[in-house]
Amino acid sequence: MNEDKDFLYDDDDAVKFIKNFLPEELKNKFSDDDINYIIDLIYDFYNTKGFFEEDDDDDKEIEINEDELVAFVVKNALSDGMGKYDANNISLIVQGEMGYCDSIGMFE
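Notes on the structure follow. Keep in mind that this is a model prediction, so the values were computed, not measured.

1. Notes on a negative patch on the surface
Step number 1: Together, D10, D11, D12, D13, D40, D44 and D80 make up a negatively charged patch on the protein surface.
Step number 2: For the negative patch, the secondary structure elements donating two or more residues are α1 (11–21) and α3 (32–48).
Step number 3: At three residues, α1 tops the list of elements feeding residues into the negative patch.
Step number 4: On the basis of relative accessibility, which here comes to 52%, the residue D12 falls in the exposed class.

2. Some words on the packing of α1 against helix α5 (residues 87–103)
Step number 1: The geometry of α1 relative to α5 is characterised by a closest axis approach of 8 Å and an angle of 125° between their N-to-C directions. The orientation of α1 relative to α5 falls into the category oblique. Of the two elements, α1 crosses α5, and the hand of that crossing is right-handed. In this structure, α1 uses D13, A14, F17, I18 and F21 to contact α5, whose residues at the interface are L92, I93, Q95, G96, E97, G99, Y100 and S103.
Step number 2: Residue composition of the contact of α1 with α5, grouped by class: seven nonpolar, four polar and two charged.

3. Quick notes on the packing of α1 against α3
Step number 1: The interhelical angle for the contact between α1 and α3, taken along N-to-C directions, is 105°, at an axis separation of 10 Å. By the angle class used here, α1 and α3 are roughly perpendicular. Mapping the contact onto sequence places D11, A14, V15, I18 and K19 in α1 and D32, I35, N36 and I39 in α3.
Step number 2: Residues of the contact of α1 with α3, tallied by class, amount to five nonpolar, one polar and three charged.

4. Observations concerning the packing of aromatic side chains
Step number 1: In the structure shown here, the tally under the stated rule is seven aromatic pairs.
Step number 2: Between Y9 and Y43, the aromatic rings sit 5.9 Å apart at their centres with planes inclined by 75°, giving edge-to-face as the arrangement. Here Y9, found in the segment before α1, pairs with Y43, found in helix α3; they are 34 residues apart in sequence, far enough to count as distant.
Step number 3: Overall, the relative accessible area of 15% leaves Y43 in the buried class.

The rules behind these values
- Counting restarts for each chain: residues are numbered from 1 in the order of the written sequence.
- Only residues with pLDDT of at least 70 are given local features in this predicted model, and only at 80 or more are side-chain atom pairs given and counted; all residues enter the totals for whole chains, interfaces and linings.
- With hydrogens and water set aside, each side-chain value is computed from the structure's full complement of heavy atoms.
- Grouping into patches uses exposed residues only, defined as over 30% relative accessible area, and leaves out salt-bridged ones; the cut-off is 9 Å for like charges and 5 Å for nonpolar side chains (Val, Leu, Ile, Met, Phe, Trp, Tyr).
- For accessible areas, the Shrake-Rupley method is used with a probe of radius 1.4 Å. Any residue's cover is judged against the shown protein chains and nothing else.
- In what follows, salt bridge is the name for a side-chain nitrogen of Lys or Arg lying within 4 Å of a carboxyl oxygen of Asp or Glu.
- When charges are tallied, Lys and Arg are placed among the positive residues and Asp and Glu among the negative ones, while His and the ends of the chain are skipped.
- By convention, the point assigned to a charge is CZ for Arg, NZ for Lys, CD for Glu and CG for Asp.
- Strands here mean DSSP runs of E at least two residues long; helices mean DSSP runs of H or I at least four residues long; both are numbered from the N terminus.
- Summary of the burial criterion: residues with accessible area below 20% of their type's maximum are buried, those above 50% are exposed, and those between are partly exposed, where the area comes from a 1.4 Å probe applied to protein chains only.
- The axes are straight lines fitted to the C-alpha atoms, using for helices just the contacting stretch, and the angles between their N-to-C directions are given from 0 to 180°.
- Angles are sorted into four bins: roughly parallel if under 35 degrees, roughly antiparallel if over 145, roughly perpendicular if 65 to 115, and oblique for all others.
- Helix crossings get a hand from a simple test, with the near helix turned counterclockwise from the far one by less than a right angle marking a left-handed crossing and a clockwise turn marking a right-handed one.
- Contact criterion: two residues are considered in contact whenever any of their non-hydrogen atoms come within 4.5 Å of each other.
- Three categories are distinguished: nonpolar for Ala, Val, Leu, Ile, Met, Phe, Trp, Tyr, Cys and Pro, charged for Asp, Glu, Lys and Arg, and polar for the others, with Gly belonging to the last.
- Stacked, edge-to-face and tilted are the three classes for Phe, Tyr and Trp ring pairs, Trp counted by its six-membered ring, which pair at centre distances within 6.5 Å; planes under 30 degrees apart are stacked, over 60 edge-to-face, the rest tilted.

If you want it as structure tokens, here you go:
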């Protein structure tokens, strides 16, 4: 992640972006708090994979296995007592979050 672009990430804007990305039938299924919780789990996944660790190769491309990320979110939400999320719905939230990051140039 590009350190000098960290300040561009706004949690409220990310939630709005994701809600706009979701199909109409899912927009009211997830509260802002639900989406913030899922975003936190997404970044927990990135941390467990070492994506934020400093290394000598800042230009190294990071491959994110979306299926693994979605499984991580579903598993952790269940173990945290948040309920059982549908993997397809989580996949859409993950795609929306990645779209938000692209829109602010976070990974450039």
